[in-house]
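Examination of the molecular architecture
In case you want the letters, here they are:
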Amino acid sequence: MTIDKGISTAGAGAAGSPASGGDAGGGPPRGTGARGAPSPIEYRLDPASGVPTYLQLVQQVEHALRLGYLKPGDQLPKVRDVVAALAINPNTVLKAYKELETKGLAAGRPGQGTFVQATLTQVALPELTGLRRSLLGWLASAEETGLDEDGIVALFTSVLRDFYDRRGGADRHAGGDVRADSEGAA
Amino acid sequence: MNVIETSGLGKSYGRVPALRDCTLALPAGRAAALVGPNGAGKSTLMNMLVGLTIPTAGSAAVLGGQPAGSAAALDGIGFVAQDAPVYKSLSCADMLHLTRNLNRRFDQQYAEARLAELGIPLKKKAGKLSGGQQAQLALTLALARRPRLLILDEPLAALDPLARQDFLGTVMTALADGVSVLLSSHALAELERVADYFIVLASGEVRLAGDADDLLAGHRMLTGPAAEADRIAGQHSVVEVRRAAAQAHVLVRISGPAEPVPPGWEAHPVGLEELILAYLRAPGGAAQPGPAAALRPEPTEVAR
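The rules we used
Residues numbered from 1 in each chain as written. Chains lettered and ligands numbered in written order. Predicted model: local features only at pLDDT ≥ 70, side-chain atom pairs only at ≥ 80, totals over all residues. Helix = DSSP H or I, 4+ residues; strand = E, 2+ residues; numbered from the N terminus. Rg over C-alpha atoms; globule rule 2.2 N^0.38 Å. Buried ≥ 20, exposed ≤ 12 C-beta atoms within 10 Å, placed from the backbone. Contact = placed C-beta atoms within 7 Å. Pairing = 2+ DSSP bridges. Axes fitted to C-alpha atoms, helices over the stretch in contact; angles between N-to-C directions. pLDDT = per-residue confidence, 0-100. Domains from an automatic or database assignment. Arc of directions from axis to C-beta. Parallel < 35°, antiparallel > 145°, perpendicular 65-115°, else oblique. Left-handed = near helix turned anticlockwise from the far one by under 90°. Nonpolar A, V, L, I, M, F, W, Y, C, P; charged D, E, K, R; others polar. Core = buried A, V, L, I, M, F, W, Y, C linked by C-beta atoms within 7 Å. Expected span 1.5 Å × (residues − 1).

1. A word on the overall build of chain B
Looking only at helices and strands, one finds 11 helices and 14 strands in chain B. In terms of overall dimensions, chain B is globule-like: its C-alpha atoms have a radius of gyration of 22 Å, near the 19 Å expected for 304 residues. Going through the 304 residues of chain B one by one, you find that 47% of them count as buried. Summarising the internal contacts of chain B: among those between residues at least 6 apart in sequence, 70% fall at separations of at least 24.

2. Side note on the sheet that holds strand β3 (residues 31-35) of chain B
All names here are of chain B. Taken in spatial order, the 6 strands make up an open sheet running β6-β7-β8-β3-β9-β10, and their pairing is mixed. Each having just a single partner strand, β6 (77-80) and β10 (205-211) make up the two edges of the open sheet. On average, each strand axis in the sheet is tilted by 10° relative to the strand beside it, whichever way the strands run. The pairing of strand β9 (residues 197-202) with β10 spans 6 bridges and is antiparallel. Bridged to V200 within β10 is L208.

3. Re the confidence of the model for chain A
All names here are of chain A. Taken over all residues, the pLDDT of chain A has a mean of 74, while the share at 70 or more is 67%. Per-element averaging of pLDDT across chain A places strand β4 (residues 179-180) at the bottom with 46 and helix α3 (residues 90-102) at the top with 95. This stretch, residues 1-34, has a pLDDT under 50; its non-local contacts, to residues over four places away or in other chains, come to 95 contacts. Within the model, the stretch residues 171-186 combines pLDDT values under 50 with 29 contacts to residues more than four positions away or in other chains.

4. What to know about the domain arrangement of chain B
For chain B, the assigned domains are domain 1 (2-211) and domain 2 (218-294). Here the C-alpha centroids of domain 1 of chain B and domain 2 of chain B sit 33 Å apart.

5. Remarks on the pairing of strand β1 (residues 106-109) of chain A
Residue and element names in this part refer to chain A. Side chains A106 and G108 project from β1 onto a buried face, and the interleaved A107 and R109 project onto a face without burial. Pairing analysis gives 4 bridges linking β1 to strand β2 (residues 113-116), with the strands arranged antiparallel. Bridged to R109 within β2 is G113. From the end of β1 to the start of β2, which pair antiparallel, there are 3 residues, and G111 there has a positive phi angle of about 80°.

6. Topic: helix α4 (residues 108-117) of chain B
Residues and elements named next belong to chain B. Of all the positions in α4, only A111, R114 and L115 are classed as buried. One side of α4 holds all its buried residues, which, seen down the axis, span an arc of 95°. Considering only its buried residues, α4 is in contact with α3 (92-102) and α5 (131-144). G119 occupies a position one or two residues after α4 and carries a positive phi of about 70°.

7. Overview of the sheet that holds strand β12 (residues 237-243) of chain B
Residue and element names in this part refer to chain B. Reading across the sheet, the 4 strands line up as β12-β13-β11-β14 and stay open at both edges, with antiparallel pairing between neighbours. Each edge of the sheet is formed by a strand with only one pairing partner; in this case those strands are β12 and β14 (266-268). Direction aside, neighbouring strands of the sheet carry axes that sit 25° apart on average. As paired strands, β12 and strand β13 (residues 247-253) are joined by 6 bridges and run antiparallel to one another. The residue bridging R242 from the neighbouring strand is H249, located in β13. Packing of helix α10 (residues 272-281) onto the sheet brings it into contact with β11 (219-225), β12 and β13, and relative to β12 it is tilted by some 90°.

8. Notes on the packing of helix α2 (residues 79-86) of chain A against helix α6 (residues 161-176) of chain B
As a packed pair, α2 of chain A and α6 of chain B sit with axes 7 Å apart at the nearest point and diverge in direction by 155°. By the angle class used here, α2 of chain A and α6 of chain B are roughly antiparallel. For the crossing formed where α2 of chain A meets α6 of chain B, the hand is right-handed. Residues V79, R80, V83, A84 and A85 of chain A of α2 of chain A lie in contact with α6 of chain B, whose contacting residues are G169, M172, T173 and A176 of chain B. In terms of residue class, the contact of α2 of chain A with α6 of chain B is built from 6 nonpolar, 2 polar and 1 charged.

9. Considering the nonpolar core
A general tendency of soluble globular proteins is for nonpolar side chains to be buried together. Counting 116 residues, the largest nonpolar core has A32, L49, I151, M172 and F198 of chain B as its most contacted members. Once residues within four sequence positions are removed from consideration, L49 of chain B is found in contact with I4, A60, V62, A68 and I151 of chain B.

10. What about α5 of chain B?
Given a rise of 1.5 Å per residue, 14 residues ought to cover 20 Å, and the 20 Å separating the end C-alpha atoms of α5 of chain B matches this to within 8%. Burial analysis of α5 of chain B places 13 of its 14 residues in the buried class, the great majority of the element.

11. Quick look at the packing of α2 of chain A against α3 of chain A
Each pair of packed helices gets described by two things: the angle between the helix axes and the distance between those axes. All names here are of chain A. Two elements in contact, α2 and α3, have axes separated by 9 Å at closest approach and are oriented at 130°. One finds that α2 runs oblique with respect to α3. As α2 packs across α3, the resulting crossing turns out to be right-handed. Counted together, V79, V82 and V83 of α2 and P90, V93 and L94 of α3 form the full contact between these two elements. Here the residues of the contact of α2 with α3 sort into 6 nonpolar, no polar and no charged.

In structure tokens, the structure reads:
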């Protein structure tokens, strides 16, 4: 969880605040004008929708991913910019970004912001969630039998290779619903 | 760390109590909304937190145990009183100058940059600014002191919708930078977007206080036949019963989402506005102050 530093602000940065990431408020105020490319999308709120605010943000990112407005490596709107523009609580934005991270769609980079990490153009998020859950179940049982992280990675990689080798590697990339972007996954 | 801690805090004017037995603990990093009807004691509470009013009972501390009103406490608090007071005959530049000289810490660069961003000319007299600009000026002065706690008494009252959005945007940016916020307002819809903690005051008493998500998770609305309403109400910790000839709505506190629904009744989640209004309507004795009481873990009669 990182609050983006970008434009100059008030606030010396209270220690221990959940809203301030480790580096928020530490540096000197910067001039207006964010670093790097601005986010390709901007959020809007529909107060009449009845959908919780954080979920509206999540859905708008997913929508933008499906329609190709967002691509892996793109930066999501900075938390500070979102709260200034929409006048919403920063924790709401952080909750949305955490949800996107849990879904594997975005990843936070300390001190920089949150970036798109996967594409949704082949969709089927519920299936992905199901697969994720069964994998988590498998991981739990692997840990129970005494495998550590390295052991699990080794076993998984070996089985994965066997799996595709047996099929001749033909449809190696055809099955994934969400393609991780190697650059964004750093 | 708690940015606000009060214990049995009270203030009486003669024999008239303005605030009674107020016990609160607000964690750092939150935006807390103080809501309640006029005369509920909101301003009295805020004035005691910044040392402008001396309590007649109990105690108040801010910023991790600093006595309210002490120099150390005041150093870390930015306060904007009701109606965003500024010296009308002073120019904005003079307001900055004055505030800089009255405070140990003042970020002139921030204040000037912020006013420029808002399109508020430094040479203009504060009294000639629009209501929204005066509010922004007062907020800028408060934030330029680099507070760790920002206390705002009815900051939205005089503002048009666009000015409200801008003002709250500034406040939320400060929150993102780690400033804790306490603000009072009647604008429940706006508060729902900005606040993550709610303190409901009525008739000088705290009716409800807690994290917004916890409060929502800790209540549900039961809807069913009016004939059974009393029996259902007797089995729950009830906030409010609304009854028509055939149907009744019973707002109850629950211990968790798994709590069973009585047969023949429907359970609905409640919204913050609905919840707050119910607590404001409920007579003082019916409501329990604080989330600890509302969310106590022991099973209710229904669950047993």
